[in-house]
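Secondary and tertiary structure notes
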Amino acid sequence: IAYINQITVGSAVIDHVCFLHITDPDNSAFVTYRGRRSGVVAANIACGLTEFGRDTTGISQVRNDYDAEVVIDSIQRWNVDTSHIRRGDELPSYVNVLRGPEGDRMTIAGGILYRNFALLYPIIATTQTASVAFTSAYAPGQGGDKLLKLRRARNINILVFDLSGSLPELKNEEQNLQ
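So, a few notes on the structure that sits alongside this text. All figures in this text were calculated on a predicted structure; none of them were measured in a lab.

To continue, consider the overall build of the protein chain. What the protein chain contains, in helices and strands, is 6 helices and 9 strands. Of the accessible surface of the protein chain, which amounts to about 10,500 Å², a share of 51% is contributed by carbon and sulfur atoms.

Pairing is mixed in the open sheet, where 4 strands are placed in the order S3-S2-S6-S7. The two strands at the open ends of the sheet, each matched to only one other strand, are strand S3 (29–39) and strand S7 (105–110). Within the sheet, the average angular offset between the axes of one strand and its neighbour, ignoring direction, is 20 degrees. Summarising the sheet, strand S2 (residues 13–22) and strand S6 (residues 94–99) pair through 5 bridges and their orientation is parallel. Residue His16 lies in a different strand from S6, and its bridge partner there is Asn96.

With respect to the helices and strands, the residue Thr57 is situated in strand S4 (residues 56–63). In this structure Thr57 comes out as buried when scored by relative accessible area, which is 2%. At 3.3 Å, the side chain of Thr57 and the side chain of Asp81 are in polar contact.

With that settled, consider a nonpolar patch on the surface. Among the surface-exposed residues, Tyr94, Met106 and Ile108 lie close enough to one another that they form a single nonpolar patch of about 280 Å² accessible area. Checked against the element boundaries, Ile108 lands in strand S7.

This paragraph deals with the nonpolar core. Ala12, Ile14, Ala43, Ala46, Cys47, Val62, Ala68, Val71, Ile72, Ile75, Val80 and Ile85 together form the largest nonpolar core, which totals 12 residues. Looking at this core, the elements that each hand over two or more residues are helix H1 (41–51) and helix H2 (66–76). The element best represented in this core is H2, accounting for 4 residues. In contact with Val80, not counting residues within four places along its chain, are Ala46, Cys47, Thr50, Thr56, Thr57, Gly58 and Ile75. Listed in part, the 9 residues of the second largest apolar core include Ala130, Ala133, Leu150 and Leu159.

Parameters and conventions
- Residues numbered from 1 in each chain as written.
- Predicted model: local features only at pLDDT ≥ 70, side-chain atom pairs only at ≥ 80, totals over all residues.
- Heavy atoms only, no water.
- Helix = DSSP H or I, 4+ residues; strand = E, 2+ residues; numbered from the N terminus.
- Areas by Shrake-Rupley, 256 points an atom, 1.4 Å probe, with all protein chains shown as cover.
- Pairing = 2+ DSSP bridges.
- Axes fitted to C-alpha atoms, helices over the stretch in contact; angles between N-to-C directions.
- Buried < 20%, exposed > 50% of the residue type's maximum accessible area, 1.4 Å probe, protein only.
- Polar contact = N/O pair within 3.5 Å; in protein donor to acceptor, adjacent residues only side chain to side chain.
- Patch = residues over 30% accessible without salt bridge, like charges linked within 9 Å, V, L, I, M, F, W, Y side chains within 5 Å.
- Salt bridge = Lys/Arg side-chain N within 4 Å of Asp/Glu carboxyl O.
- Core = buried A, V, L, I, M, F, W, Y, C linked by side-chain atoms within 4.5 Å.
- Contact = heavy atoms within 4.5 Å.

If you want it as structure tokens, here you go:
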């Protein structure tokens, strides 16, 4: 198994971005801009690490469709290794990013593919060669749990974990998944 400098584990999807104009007094909103872009934390971190000269591998899964091609192409442009991004036929995941006139932002993520993500054996072997692994509290499926177990067993030197929310919120999320 070849040595990998950094890995990121998480979703890689199209962000659907809307800038909103919010009216008074009822706080109704209408869209002043609507667009699409590749994004989500793990993919963005992978791209950022390559800017610092780090060899980085992205680990995720995407639906086998046009959006997946757009996401993978955009990540590859940053020289991120995408050979561990699994493609499947499950329903896709999505992210809606709503931005208010003052720059306030709300991100809404969901989808079946994201929830069913699993670190398969070949990918686990890959993670054990990394010096640093990054994931978030909303890492798909059992991905985060497996990374934590690998770190506890000292199979990963450093695990960076973005909580993506408060601890009580994350505990509620875990209970909802069970």
